Amino acid sequence: MYIEFIATTIEDVILIEKAGADRIELVSSLTEGGVTPSHALVEAAVRAVNIPVNVMVRPHSQSFSYSERDLEIMKNDIRIIRSLGANGVVLGVLNEGNEINQTYLEELIAECAGLEITFHRAIDDTPDPVRSAEMLARYPEITTILTSGGHGDLPSRMQTIQRMKSVSGNMAILVGSGLNKDNILSISSELNTDYYHFGTAVRKNNGLIEGVELEKAQEIVHLLKKG
C-alpha cells in the first residue's frame, strides 16, 4: 500500500511525513489544480523529510497545452528540481486536441534522468484515458500515472481505471481526486491498485487553502495500512 499526500507548504511537508505517508507531491496554488512551487520551497522540503518528494512541473493553470516558451521553462524547472535533490517530477502535456503531446513529452523525459516521472491528471482530459495509458506504457521512464479514471460517474471511472491498469505495464496507477476516509476502503477493495493520492481529504475543513491536519492524515494512513 502506497499513500501520497499533497503538500503546499513546508508545514504540510513535515506533517505528512509524521502522519506516515509514503510520498509527498509538492505543489503551489492548489486552488488552480497545482502549479510548480518555488525552488526555495522544493529545497526546504527535500531537506526537511526523509520520504520522497515529487514536484509538480506545471508553469501555469490555463491548460495542459503549452507553448514552446512554456516548454523551455518546464525543462529548466526540471533541471533545477533535480539539482535540489527531489525524488521525482509530476507533469503532463497535451496538444490542442487534448491528446498527449508526445513530442513535448519526449523532450521533457530527456531532462528527467535520475528522476521518477508521474504523468498527472491531464490524462483524464484526453478523449480515451485507456488508450493514453497504453501509449505512456511505451516510455519506461514514466513510473506512475495519476488518474481519477476520466470525468464520468464513479462506476464508469472505476471501470476505466481497471482498464488502465490492464494496459499500463510496469507503471503504477495512482488513484486520486475525491478520495476520503469515508470512501477509500470501498474504492480500494474494488480497484486494488494499492496506490492512492489525497489532497483536500487531509486538510483542515477539507479546503484547498488551509493546511494539512495531522489527525486526518493519520486516520487515512491507518485505514489503508492497518491490515
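Up top is the structure these notes are about.
All values reported here derive from a predicted model rather than from experimental measurement. (Residues numbered from 1 in each chain as written. Predicted model: local features only at pLDDT ≥ 70, side-chain atom pairs only at ≥ 80, totals over all residues. Heavy atoms only, no water.)

Peer 1: An account of the sheet that holds strand β5 (residues 116–119) is requested, with residue identities and associated values reported.
Peer 2: Strand order in the closed barrel formed by eight strands is β1-β2-β3-β4-β5-β6-β7-β8, and the pairing between neighbours is parallel. Mean inter-strand twist for the sheet, computed between neighbouring axes without regard to direction, equals 25 degrees. Here four bridges tie strand β1 (residues 2–7) to strand β8 (residues 195–198), and the two strands are oriented parallel to one another. Pairing of Ile3 across the sheet is with Tyr196, part of β8. Lying on the sheet, helix α1 (residues 10–19) is in contact with β1 and β2 (23–26); it crosses β1 at an angle near 160 degrees. (Pairing = 2+ DSSP bridges. Helix = DSSP H or I, 4+ residues; strand = E, 2+ residues; numbered from the N terminus. Axes fitted to C-alpha atoms, helices over the stretch in contact; angles between N-to-C directions. Contact = heavy atoms within 4.5 Å.)

Peer 1: I'd love a proper account of the pattern of salt bridges, names of residues and values included.
Peer 2: By the definition in use, this model includes 11 salt bridges. Ionic pairing is found between Lys75 and Glu107, a salt bridge with its closest N-O pair at 2.6 Å. With Lys75 in helix α3 (residues 68–83) and Glu107 in helix α4 (residues 102–110), the pair connects residues that are 32 residues apart, well separated along the chain. Judged by relative accessible area, Glu107 falls into the partly exposed class, the value being 29%. One continuous salt-bridge network, built from bridges that share partners, spans Glu4, Arg23 and Glu116. (Salt bridge = Lys/Arg side-chain N within 4 Å of Asp/Glu carboxyl O. Buried < 20%, exposed > 50% of the residue type's maximum accessible area, 1.4 Å probe, protein only.)

Honestly, that's just the spatial picture; any functional story needs more than this.
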